[in-house]
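# Structural overview for review
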Amino acid sequence: MRILVVVAYWLPEIGSGAHLYYDLAKEFVKHGHEVHVITSYPRKYNMHESDIGKRYPMDEVMDGISVHRCTYPLSRRDLLILRGLEHFILPHVYYRRFKKLNMKFDVVLIYIPPLPLYNLGEKIRRKTGTPYVLNFQDIHPDELTDVGVLKNRLVIYLLKRLEKKAYRDPDYITVMSPNGVELIKQRGGRKENIECIYNSINMDEIEKYRKIKTFKKKEGIEDKFLVTYAGILSPFQGLDDILDVAKEMKEHEDIMFYIVGDGMIRKKLEERVKEEKIHNARVLGLQPRNVYFDIINSSDVDIVSLDRRMTAPCVPGKLVNLLGLGKPVIANVPPTNDTARIVKEYNCGIVVQPGNIEEFKRAVLKLKNDKKLREEMSRNGIKFVEEKMNLTKNVKRYEEIFKMLVERVGDRNAG
């Protein structure tokens, strides 16, 4: 098949979305499909400093994937209004790029958010008859309103209307959490065209990264028990909890906390470490993919964290990497979150209530003092990934969905 993938993030940008879809597209190519990607030109706030300033082609072939980039005048940075404008501009920018390609595709797969990209799928289907699949990674606008980032009533109303259409109209919807499936059904999604397909990882690649474990030596902390959060640094993550725990555990000189990544609250976290003299915690910026995996793999325990107000169903993209590398996790997430369900059901970590610093502290000490428990959780996490987050298996499921949609279009045309 000729597949069009639409994703707002792509290499060399750093983040789960870019790499999840790069791996997915690579696997489609491996299975014999022709894959084209429409995406944005790399933005420096999503890149490692070594890649900033380089020139990237507007069209290139990466591992058999034809990548088509788009430029537009906004530079989002940390301004919420610019981020919102970018979300609504993208469908128009991407559609112009689509028209320039002048190709007929069998199916379109679109990464959501941003939610307005639903409009792109609709427009492509109206103009060309091509079916489209929306892959919901986050539930918007819930994730914005839950933590108070979005308060404008008019904008919330408009997004809610768009959300209803995005659940009702696509040819198919995939969600990366079971609770997400149920929520979309409740909000008007058609039951027969929604299913959970977890974010996936290439098991051969993750096996390669399991062998890299040099970060502690580079940092001079080989004798420390390392607890790490690596990912986006935003108001949605509840990352102050990590620093609060580190502050409470200063007397444990053999334990170190690392927060790695970038985002809206990075400066705030750095200032807290400095001003409050949290000497057992360090904040590092964005890292290249190989260094990111080295940090995760070198850590004794890795953290998945969400703000206590985050009630929308989600499974953070980083979870597949943590469990795939066999790392026991501390899930600092609301108890109703899908991540909490996975961690408890598969016994691959410990769930703590966001904001409960004593509970978080006890989880760190329990894992530190029980090596056998860590090893058991490691095996359980790998098993879950092999069963549910295996890239090859999940791509086969996408192929079945795509084939069904293509046949449905053929039947309509024949009729």
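Residues numbered from 1 in each chain as written. Predicted model: local features only at pLDDT ≥ 70, side-chain atom pairs only at ≥ 80, totals over all residues. Heavy atoms only, no water.

## Here we look at the packing of helix α9 (residues 240-248) against helix α14 (residues 357-369)
Note the threshold: Only the contacting stretch of a helix is used when fitting its axis, a line to C-alpha atoms as for every element, and angles between N-to-C directions run 0 to 180 degrees. Starting at the N terminus, helices and strands are each numbered in turn, a helix being any DSSP run of H or I of at least four residues and a strand any DSSP run of E of at least two. An angle counts as roughly parallel when it lies under 35 degrees, as roughly antiparallel when it exceeds 145, as roughly perpendicular when it falls between 65 and 115, and as oblique in every other case. Whether a crossing is left-handed or right-handed is set by the direction in which the near helix is turned from the far one by less than a right angle, anticlockwise for left-handed and clockwise for right-handed. Here, residues are in contact when the closest pair of their heavy atoms is within 4.5 Å. Residue classes follow a fixed rule: Ala, Val, Leu, Ile, Met, Phe, Trp, Tyr, Cys and Pro count as nonpolar, while Asp, Glu, Lys and Arg count as charged, and any other residue, Gly among them, counts as polar.
Packing of α9 against α14 brings their axes to within 9 Å, and their N-to-C directions diverge by 70 degrees. Put simply, α9 runs roughly perpendicular to α14. Here the hand of the crossing between α9 and α14 comes out right-handed. In this structure, α9 contributes D241, I242, D244, V245 and E248 to the contact, and α14 contributes I357, E358, F360 and K361. Across the contact of α9 with α14, the residue classes break down as four nonpolar, no polar and five charged.

## Re a nonpolar patch on the surface
Short version of the rule: Candidates for patches are residues over 30% relative accessible area with no salt bridge; among them, like charges are joined within 9 Å and nonpolar side chains (Val, Leu, Ile, Met, Phe, Trp, Tyr) within 5 Å. Each accessible area value is a Shrake-Rupley result obtained with a 1.4 Å probe; residue values ignore everything except the protein chains displayed when judging cover. Any carboxyl oxygen of Asp or Glu that lies within 4 Å of a side-chain nitrogen of Lys or Arg is treated as forming a salt bridge with it.
A contiguous nonpolar patch, built from L154, Y157 and L158 and spanning about 330 Å² of accessible area, is present on the exposed surface. With respect to the helices, strands and loops of the structure, L154 is situated in helix α5 (residues 153-168).

## Describing the sheet that holds strand β14 (residues 349-352)
For clarity, the threshold we go by: Note: two strands are recorded as paired if DSSP finds a minimum of 2 bridges between them.
Ordered by their spatial adjacency, six strands build an open sheet running β11-β10-β9-β12-β13-β14, and the pairing between neighbours is parallel. Each of the sheet's edge strands pairs with one partner strand only, and the pair in question is β11 (281-284) and β14. Strand-to-strand, the axes of this sheet are offset by a mean angle of 20 degrees, without reference to chain direction. In the sheet, strand β10 (residues 255-260) pairs with β11 via four bridges, with the strands oriented parallel.

## So, the packing of aromatic side chains
Cut-off, in case you're wondering: Aromatic contacts are taken between Phe, Tyr and Trp rings whose centres are within 6.5 Å, Trp giving its six-membered ring; a plane angle under 30 degrees counts as stacked, one over 60 as edge-to-face, and the others as tilted. A ring has a charge above it when a Lys NZ or an Arg CZ is no more than 6 Å from the ring centre and no more than 35 degrees off the ring normal.
Under the defined criterion, the tally for this structure stands at 15 aromatic pairs. With centroids separated by 5.4 Å and ring planes inclined at 85 degrees, the aromatic side chains of F215 and Y258 adopt a geometry described as edge-to-face. Of this pair, F215 sits in helix α8 (residues 215-219) while Y258 is found in strand β10, placing the two residues 43 residues apart along the sequence. Put simply, the rings of Y9, Y21 and Y111 touch in pairs and so form one group of aromatic residues. Sitting over the face of the ring of Y209, K208 holds its NZ or CZ atom 4.9 Å from the ring centroid.

## Quick word on helix α10 (residues 266-275)
We apply this condition: When accessible area is computed with a 1.4 Å probe and restricted to protein chains, residues below 20% of their type maximum are described as buried, those above 50% as exposed, and intermediate ones as partly exposed. The arc in question is the one spanned by the directions pointing from the helix axis to the C-beta atoms.
Taken together, the buried positions of α10 are L269, R272 and V273. Taken around the axis of α10, the buried residues stretch over an arc of 95 degrees, which confines them to a single face. For α10, the exposed residues lying more than 90 degrees away from the buried face are K267, K274 and E275. Where α10 is buried, its residues meet α9, β10 and β11. Where α10 ends, the next residue or the one after it, K277, has phi of about 55 degrees, a positive value.

## Examining the nonpolar core
The condition that has to hold: In this description, a nonpolar core means a group of buried Ala, Val, Leu, Ile, Met, Phe, Trp, Tyr and Cys residues linked to one another through side-chain atoms lying within 4.5 Å.
With 109 residues, the main nonpolar core has W10, Y21, F28, Y94, F136 and F402 as its most contacted residues. When residues in this core are grouped by element, the largest group, seven residues, is from helix α1 (residues 16-30). Counting 31 residues, the second largest nonpolar core, distinct from the first, contains V227, I278, I357 and V364.

## Quick word on the sheet that holds strand β8 (residues 194-196)
Either a parallel or an antiparallel arrangement is found when strands of a sheet pair, and the pairing is made through backbone hydrogen bonds. One open sheet holds the eight strands; their spatial order is β3-β4-β2-β1-β5-β6-β7-β8, and the pairing between them is mixed. Strands with a single pairing partner mark the edges of an open sheet, and in this sheet they are β3 (59-62) and β8. Each strand of the sheet is rotated relative to its neighbour by a mean of 20 degrees, with strand direction disregarded. Note: strand β2 (residues 34-40) against strand β4 (residues 65-70), five bridges, orientation parallel. For V37, the partnering residue across the bridge sits in β4 and is V67.

## Topic: helix α11 (residues 289-298)
Most of α11 is tucked away, with eight of its 10 residues classed as buried. Those residues of α11 that fall on the buried side of the exposure criterion are R289, Y292, F293, D294, I295, I296, N297 and S298.

## Some details on the pattern of salt bridges
Scanning the entire structure with this criterion turns up 33 salt bridges. Between E122 and R125 there is a salt bridge, with the nearest N and O atoms lying 2.4 Å from each other. Of this pair, E122 and R125 are both found in helix α3 (residues 117-128), three residues apart, which corresponds to roughly one turn of the helix. Among the ionic pairs, R187 bridges to E163, the shortest N-O distance being 2.8 Å. Separated by 24 residues along the polypeptide, R187 in the loop between α6 (178-186) and β8 and E163 in helix α5 bring together distant segments of the chain. Look at R187 and you get partly exposed, because its relative accessible area is 29%. We classify E163 as buried; its relative accessible area is 3%. One network of salt bridges, with partners in common, ties together D240, D244, K247, K268, R272 and E276.

## Observations regarding the side chain of R43
Within the secondary structure, R43 is located in the loop between β2 and β3. For R43, a relative accessible area of 10% gives the class buried. Excluding residues within four positions of it along the chain, R43 makes contact with A8, Y9, E13, Y72 and E86.

## What to know about the side chain of N199
Counted only if it meets this: Counting of polar contacts relies on pairs of N or O atoms within 3.5 Å, with two restrictions inside protein: one atom must be capable of donating a hydrogen and the other of accepting it, and residues adjacent in sequence are counted only when both atoms are side-chain atoms.
Here N199 lies in the loop between β8 and α7 (203-209). Of note is the side chain of N199, whose polar atom sits 2.8 Å from the side chain of Q137. Leaving out residues up to four positions away in the same chain, N199 has contacts with L20, Q137, M176, V315, G317, V320 and M389.

As far as function goes, none of this settles anything; it's purely spatial.
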